[in-house]
Amino acid sequence: MPAAPKPVGFDGSKIAVLVPCYNEEVAVAKVVKDFRAALPSATIFVFDNNSTDNTVAAARAAGAEVFLERHQGKGFVVRRMFTDLEADIYVLVDGDATYHAPSARLMIERLLNDRLDMVVGNRVDQEVAAYRAGHRTGNRLLTGFVAYVFGPSIKDMLSGYRVFSRRFVKSFPVLSGGFEIETELTIHALELGLPAAEIDTPYYSRPEGSASKLNTWRDGFRILRTIVNLYRAERPLTFFSGIGLVLALASIGLAVPIFITFVETGLVPRLPTAILSMGLMLLAFLSAAVGLVLDTVTRGRREMKLLAYLAHRAPGEEIRRDQS
């Protein structure tokens, strides 16, 4: 039986701290300073998303490397980050100074020692105002829905504090454009069965003068729509077979009275209803056939994503070779 791998440090890894920002003048400097203190060897990248305040100047003054992304939305920013930046370990954190920077070391150590591809910071409230009740309820509902559809999920699916391996980042096709990016990250890991974990981390309220860009209802519906779209894309056979089943039941419900009347009288008095019933049944079979075809296509796409994932080494592999 092979020996378990020795715990490894991450001083030899190239670490990139990714900070998406939109109007975070009040908080971004603190985020940069805190993560520089927690991860002295890391490079901190701030991606500004069309801020109208002094976010860019504050980030540069704090010592971060600043880039601009003109397409509005966090998903577009993350896509740009994952595409342009090269590193061994990626730390993604919001620029609102609500996350605990020292927890990044624990998250990275867990990623490397357990050879994981994603570690999520599970937010533990430190203040009453840190996490609004509506967001907490919405997070639980959405997390439960994802767990039901895609299998057991992490507890804090919408956390913006995550650590990724290089092979996760470079095999992840970012499709969303807004705050639903966290949902997409989680489902990508669940869909491909990637090793992931969760670590409790303190969560604080925003600094005074800083305002949240989230809208409970708007962003909640956007995230729910993303889940449904991903379910349709990743589970087409189940999705379209479900639609086909509903259509078939409606068709049978309309046909039964007509059939009974025909048996009793030999007549079909409601011809339009009979035609409608037949049309619904044809649509039911068509929906099931579409599901079968798309399921084959989805399997091919999943294989391509897995091949892209397997093209990169496991987290910490270079460090282990140096230590051996």
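See above for the structure.
Throughout what follows, the structure given in this document is the object of discussion. (Residues numbered from 1 in each chain as written. Predicted model: local features only at pLDDT ≥ 70, side-chain atom pairs only at ≥ 80, totals over all residues. Heavy atoms only, no water.)

## Some remarks on the overall build of the chain
Right, so step 1: Across its full length, the chain holds 11 helices and seven strands.
Right, so step 2: Within the chain, the fraction of its 324 residues that count as buried is 45%.
Right, so step 3: Excluding contacts between residues fewer than 6 apart, the proportion of contacts in the chain whose partners are at least 24 apart in sequence is 78%.
Right, so step 4: For the chain, the exposed area adds up to about 16400 Å²; of that, 63% sits on carbon and sulfur atoms. (Helix = DSSP H or I, 4+ residues; strand = E, 2+ residues; numbered from the N terminus. Buried < 20%, exposed > 50% of the residue type's maximum accessible area, 1.4 Å probe, protein only. Contact = heavy atoms within 4.5 Å. Areas by Shrake-Rupley, 256 points an atom, 1.4 Å probe, with all protein chains shown as cover.)

## A short note on the pairing of strand β5 (residues 118-125)
Right, so step 1: Burial runs high along β5: six of the eight residues are buried.
Right, so step 2: The sheet contact formed by β5 and strand β6 (residues 162-165) spans three bridges and is antiparallel. By the bridge assignment, Met118 is partnered in β6 with Phe164.
Right, so step 3: Where β5 lies against strand β7 (residues 196-203), eight bridges are found, and the strand directions are parallel. Paired with Gly121 across the strands is Ile199, a residue of β7. (Pairing = 2+ DSSP bridges.)

## Concerning the environment of Thr201
Right, so step 1: With respect to the helices and strands, the residue Thr201 is situated in strand β7.
Right, so step 2: Residues Thr201 and Leu106, spaced 95 residues apart in sequence, show a C-alpha to C-alpha distance of 9.6 Å.
Right, so step 3: Beyond its immediate chain neighbours, meaning those up to four positions away, Thr201 contacts His100, Ser103, Gly121, Asn122, Arg123, Val124 and Tyr161.

## Notes on the pattern of salt bridges
Right, so step 1: By the definition in use, this model includes 13 salt bridges.
Right, so step 2: Lys74 is the partner of Glu182 in a salt bridge, and the nearest nitrogen-oxygen pair spans 2.4 Å. With Glu182 in helix α7 (residues 181-192) and Lys74 in helix α3 (residues 74-84), the pair connects residues that are 108 residues apart, well separated along the chain.
Right, so step 3: For Asp295, the salt bridge identified is with Arg299, shortest N-O distance 3.4 Å. With Asp295 and Arg299 both in helix α10 (residues 271-310) and four residues apart, this pair spans about one turn of that helix.
Right, so step 4: Overall, Arg299 belongs to the exposed group, its relative accessible area being 51%.
Right, so step 5: Through salt bridges with shared partners, one network takes in Glu69, Arg80 and Asp84. (Salt bridge = Lys/Arg side-chain N within 4 Å of Asp/Glu carboxyl O.)

## Section: the pairing of strand β3 (residues 65-68)
Two faces, one strand: in a regular strand the side chains alternate between the faces of the sheet.
Right, so step 1: By the bridge criterion, four bridges tie strand β2 (residues 43-48) to β3 in an arrangement that is parallel. For Phe45, the partnering residue across the bridge sits in β3 and is Glu65.
Right, so step 2: With respect to chirality, the unit in which β2 leads through helix α2 (residues 55-62) into the neighbouring parallel β3 is right-handed. (Right-handed = clockwise from strand over helix to strand, strands pointing away.)

## Observations regarding the packing of aromatic side chains
Right, so step 1: The final tally for this structure, using the stated rule, is 12 aromatic pairs.
Right, so step 2: An angle of 75° between the planes, with centres 5.7 Å apart, marks the rings of Phe82 and Phe164 as edge-to-face. With Phe82 in helix α3 and Phe164 in strand β6, this residue pair connects regions lying 82 residues apart in the sequence. As far as burial versus exposure is concerned, Phe82 and Phe164 are alike and both buried.
Right, so step 3: Taken together, a centroid distance of 6.2 Å and an interplanar angle of 70° make the contact between Phe82 and Phe172 edge-to-face. Highlighted residues: Phe82 in helix α3 and Phe172 in the loop between α6 (166-169) and α7, separated in sequence by 90 residues. (Phe/Tyr/Trp six-rings, centres within 6.5 Å; stacked < 30°, edge-to-face > 60°.)

## A look at the environment of Ser171
Right, so step 1: Its location among the elements puts Ser171 in the loop between α6 and α7.
Right, so step 2: Here Ser171 falls in the buried class, since its relative accessible area comes to 5%.
Right, so step 3: Placed 135 residues apart in sequence, Ser171 and Leu306 show a C-alpha to C-alpha distance of 7.8 Å.
Right, so step 4: Contacts of Ser171, omitting those with residues within four sequence positions, involve His188, Lys305, Ala308 and Tyr309.

## Describing the sheet that holds β6
Right, so step 1: Strand order in this open sheet of seven strands is β3-β2-β1-β4-β6-β5-β7, and the pairing throughout is mixed. Each edge of the sheet is formed by a strand with only one pairing partner; in this case those strands are β3 and β7. Neighbouring strand axes in the sheet, compared pairwise and without regard to direction, differ in orientation by 20° on average.
Right, so step 2: Packing of helix α1 (residues 28-38) onto the sheet brings it into contact with β1 (15-21), β2 and β4 (89-92), and relative to β2 it is tilted by some 160°.
Right, so step 3: Running over the sheet, helix α4 (residues 103-113) touches β1, β4, β5, β6 and β7 and is turned about 170° from β7. (Axes fitted to C-alpha atoms, helices over the stretch in contact; angles between N-to-C directions.)

## Re the packing of α7 against α10
Right, so step 1: At a minimum axis distance of 11 Å, the contact between α7 and α10 shows a crossing angle of 95°. It follows from the interaxial angle that α7 and α10 lie roughly perpendicular. Taken together, the residues of α10 that come into contact with α7 (itself represented by His188, Glu191 and Leu192) are Arg302, Lys305 and Leu306.
Right, so step 2: Of the residues belonging to the contact of α7 with α10, the class tally is two nonpolar, one polar and three charged. (Parallel < 35°, antiparallel > 145°, perpendicular 65-115°, else oblique. Nonpolar A, V, L, I, M, F, W, Y, C, P; charged D, E, K, R; others polar.)

## Observations concerning α1
Right, so step 1: Considered for burial, the residues of α1 that qualify are Val28, Ala29, Val31, Val32, Phe35 and Ala38.
Right, so step 2: At its buried positions, α1 is contacted by β1, β2, α2, β4 and α4.

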